[in-house]
Amino acid sequence: MIEEPARRVPVYGEYEAVILGGGPAGIAAAVAAARAGRRTLLIERYGFLGGMGTAAGVTNFCGLHANVHGQMHRLVQGVATELLSRIDRLGGLNAPHLVLGKIFAQAYDTAAYKIAADDLLGHHKVDILFHALGAGVVMQDDKRISALMVETKAGRLAVLANIFIDCSGDGDLAAWAGAPYEVGDDQGHLLYPSMMFRLNGVDRQKAGEAWRTIPALMEKAEAAGRHKFPRKAAIVRPQRHDAEWRVNFTQVARKDGAAVNGLAPDEMTRGEIDGRRQAIEAFEFLRTVPGFENSYIVDLPPQLGIRETRRVVGGCMLSGEDVLGCASFEDSIGVNGWPIEAHVTGDVIFKFPPIPESRGYNELPYRMLVPEGVDNLLIAGRCASMTHEGQSAARVSGACFAMGEAAGTAAALALSGNTTPRDIAVEKLQQGLKAQGAFIGRDQPVPVGI
Ligand SMILES: Cc1cc2nc3c(=O)[nH]c(=O)nc-3n(C[C@H](O)[C@H](O)[C@H](O)COP(=O)(O)OP(=O)(O)OC[C@H]3O[C@@H](n4cnc5c(N)ncnc54)[C@H](O)[C@@H]3O)c2cc1C
């Protein structure tokens, strides 16, 4: 260890709401806070928005829909609708497609997502600071954050705010501020990361519904000793343009077989390299699949896709039982219709609520967004208060948009009432969300259409 000398740090700005992280949760939180008239800054380490959705090449929205008694409905609305319509106007949105015969997902183009998100935040007058890595906090006392410290090419800067919203996916800000958090399941096992990639040059006619035939071809190739795959349940699907397909095929582990931990730089370094190696191996196999003979890798994303790191502990932790039992909460602020999707060793295990018997979605309690121990902080997205199993479902984009919108709206309410997020009137938050076009469950009629 070495001692770092104390230093004076310039103040970049003073805001009412500061959001760390520009993924689906951060985008929605920033729009909601700014739209409510609050001086809002979003800080992002990359030069673009979208989080894992763009930085890790996810290219597919899950959790926007639910299978309600056998009928598909688009339940996540509000800010998500504003973003999707912009992506669509840029020609970057697919029609929803059926996954496992039970639920919808919706593919998008990453370039369109980035541009649409810039436009959305600009429209709502959110200030953005790109290329700034959140690096620590200065506390006013045990329970209040006074400044978020960021590292930039211009040196270290301090950002002051009344309320902070941690949408870093990793719970960075919450952890620095001293909020409690968990990592992994009972034994510390995390969901495995994946290196996504996209192919171009696929012959769509010849490839047909290759996602149905690829699992059997994988088994055959393994049995013949031609290939060895890190996991079953490969996802290979067409994007907006027929020749372009996304490939979710890899599973990145440490030498001991455990999932690479997104909080450990050494593990991430090896994970990035191993992820790319796995991508090339997957590509070599895919070139043997009819329709893929002339395909090529058009994109390897900027980073390894991280599904789970810290989950911050709040007033309620959404659990796997809540997801499977389609739980209701009096303080609901949105819904999740995505099943449990557990990326375990060598496989991906899906667990759905009973379909069509159940309504197919659980509500998301406001208490998930309010961390223990810190008064001027909210958390939204994949680092919100959920158990390992609950997070395996509600970490997907749809629920992250819903949580983000609720967190931004709650921050604005707390600011206008001069109170803490923990003490706002939840009914007022719920009314505000509904008025903005969000679906929060409860007694609201289920939105019709996809
Ligand atoms: C391989 C893979 C495949 C997936 N497939 C799907 C899918 O098909 N559909 C789906 O809906 N979801 C999918 N997911 C899940 C989904 O993409 C994420 O869970 C979701 O993006 C989480 O949103 P978020 O806003 O909470 O966090 P993130 O998307 O992780 O965004 C966090 C943002 O914060 C920034 N950030 C983090 N730390 C700092 C810091 N210290 N300083 C500054 N900026 C910081 C990051 O750069 C990032 O932009 C997948 C995830 C992975 C990894």
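Right above here is the structure, for reference.
Residues numbered from 1 in each chain as written. Predicted model: local features only at pLDDT ≥ 70, side-chain atom pairs only at ≥ 80, totals over all residues. Heavy atoms only, no water.

A closer look at the overall build of the protein chain
Check the secondary structure of the protein chain and you find 12 helices and 22 strands. Its C-alpha radius of gyration of 21 Å places the protein chain within 12% of the 22 Å reference for a compact globule of 450 residues. Overall, the C-alpha framework of the protein chain stretches about 65 × 60 × 45 Å when taken along its three principal axes. Expressed as a percentage of its 450 residues, the buried residues of the protein chain come to 59%. Expressed as a percentage of contacts within the protein chain between residues at least 6 apart in sequence, the contacts between residues at least 24 apart total 74%. Of the accessible surface of the protein chain, which amounts to about 18200 Å², a share of 51% is contributed by carbon and sulfur atoms. Across the protein chain, the mean location of the 46 positive side-chain charges is 4 Å away from that of the 51 negative side-chain charges. (Helix = DSSP H or I, 4+ residues; strand = E, 2+ residues; numbered from the N terminus. Rg over C-alpha atoms; globule rule 2.2 N^0.38 Å. Buried < 20%, exposed > 50% of the residue type's maximum accessible area, 1.4 Å probe, protein only. Contact = heavy atoms within 4.5 Å. Areas by Shrake-Rupley, 256 points an atom, 1.4 Å probe, with all protein chains shown as cover. Lys, Arg positive; Asp, Glu negative; His and termini not counted. Charge placed at Lys NZ, Arg CZ, Asp CG, Glu CD.)

Notes on the sheet that holds strand S14 (residues 235-238)
Strand order across the open sheet formed by 4 strands is S14-S15-S13-S16, with antiparallel pairing between neighbours. The open sheet has two free edges, formed respectively by S14 and strand S16 (296-299), since each of these has just one partner strand. Pairs of neighbouring strands in the sheet enclose a mean axial angle of 35 degrees, with direction left out of account. Pairing analysis gives 3 bridges linking strand S13 (residues 197-200) to S16, with the strands arranged antiparallel. By the bridge assignment for S16, Leu 199 is matched with Ile 297. Sitting on the sheet, helix H7 (residues 210-223) is in contact with S14 and strand S15 (245-248), with an inclination near 155 degrees to S14. (Pairing = 2+ DSSP bridges. Axes fitted to C-alpha atoms, helices over the stretch in contact; angles between N-to-C directions.)

Focus: the site of the ligand
Every one of the 33 residues lining the ligand counts as a neighbour, but Glu 44, Arg 45, Asn 60, Arg 395 and Ser 397 are closest to it. Here a nitrogen atom of the ligand sits 2.9 Å away from a polar atom, N or O, in the side chain of Asp 172. Burial of the ligand by the protein amounts to 97% of the accessible area it has alone, namely 990 Å². In terms of residue count, the dominant contributor to the shell around the ligand is strand S3 (residues 60-62) (3 residues). (Near = heavy atom within 4 Å. Polar contact = N/O pair within 3.5 Å; in protein donor to acceptor, adjacent residues only side chain to side chain.)

Considerations on the side chain of Asn 67
Summarising the element assignment, Asn 67 is placed in strand S4 (residues 65-68). Within the local environment of Asn 67, its side chain forms a polar contact with the backbone nitrogen of Gln 71, the two atoms lying 3.4 Å apart. Not counting residues within four places of it along the chain, the set of residues in contact with Asn 67 comprises Met 72, Lys 102, Ile 103, Ile 355, Ser 358, Arg 359 and Gly 360.

Observations regarding the nonpolar core
Of all hydrophobic cores here, the largest spans 66 residues; its most connected members are Tyr 366, Leu 369 and Leu 378. Elements with a minimum of two residues in this core: helix H1 (24-35), helix H3 (79-89), helix H4 (110-123), strand S11 (155-166), strand S19 (340-344), helix H10 (388-394), helix H11 (397-416) and helix H12 (426-435). Looking at this core, the element that brings in the most residues is H11, giving 11 residues. For Leu 378, the residues in contact, after removing those within four places along its chain, are Ile 163, Phe 164, Ile 165, Asp 166, Tyr 366, Leu 369, Val 370, Pro 371, Ala 407, Ala 410, Ala 411 and Pro 421. Counting residues in each nonpolar core, the second largest holds 23 residues, with Tyr 15, Val 18, Val 137 and Leu 173 among its members. (Core = buried A, V, L, I, M, F, W, Y, C linked by side-chain atoms within 4.5 Å.)

Concerning the pattern of salt bridges
Enumeration according to the criterion identifies 28 salt bridges in this entry. One salt bridge in this structure joins Glu 151 and Arg 156, with 2.6 Å as the shortest N-O distance. Assessed through its relative accessible area of 30%, Glu 151 is described here as partly exposed. Using a relative accessible area of 23% as the deciding quantity, one classes Arg 156 as partly exposed. A salt bridge links Asp 172 to Arg 310, with the nearest nitrogen and oxygen atoms 2.9 Å apart. Taken together, the residues Asp 172 in helix H5 (residues 172-177) and Arg 310 in strand S17 (residues 310-312) connect sequence positions 138 residues apart. One network of salt bridges, in which partners are shared, links Arg 35, Glu 82, Arg 86, Asp 119 and Glu 405. (Salt bridge = Lys/Arg side-chain N within 4 Å of Asp/Glu carboxyl O.)

Some thoughts on the packing of aromatic side chains
Within the structure shown, the criterion is met by 12 aromatic pairs. Centre to centre, the rings of Tyr 361 and Phe 439 are 5.8 Å apart; their planes meet at 75 degrees, and the pair counts as edge-to-face. Of this pair, Tyr 361 sits in the loop between strand S20 (347-351) and strand S21 (362-365) while Phe 439 sits in the segment after H12, and the two are 78 residues apart along the sequence. Neither residue differs from the other here; Tyr 361 and Phe 439 are each classed as buried. Taken together through their ring pairs, the aromatic side chains of Phe 61, Tyr 108, Tyr 113 and Phe 401 make up a single cluster. Of note, Arg 39 hangs over the ring of Tyr 15, and the distance from its end group to the ring centre comes to 4.3 Å. (Phe/Tyr/Trp six-rings, centres within 6.5 Å; stacked < 30°, edge-to-face > 60°. Lys NZ or Arg CZ within 6 Å of the ring centre and 35° of its normal.)

Description of the pairing of S13
Burial along S13 is two-sided: Phe 197 and Leu 199 and Arg 198 and Asn 200, pointing in opposite directions, are all buried. When S13 meets S15, the two strands line up antiparallel, connected through 3 bridges. In the sheet register, Leu 199 faces S15, and the bridge partner there is Trp 245.

Points about unusual backbone geometry
In this chain, Ile 355 is followed by Pro 356 through a cis amide linkage whose omega measures 15 degrees. Even without a glycine there, the phi angle at Asn 418 is positive, about 50 degrees. In this structure Asn 418 comes out as exposed when scored by relative accessible area, which is 75%.

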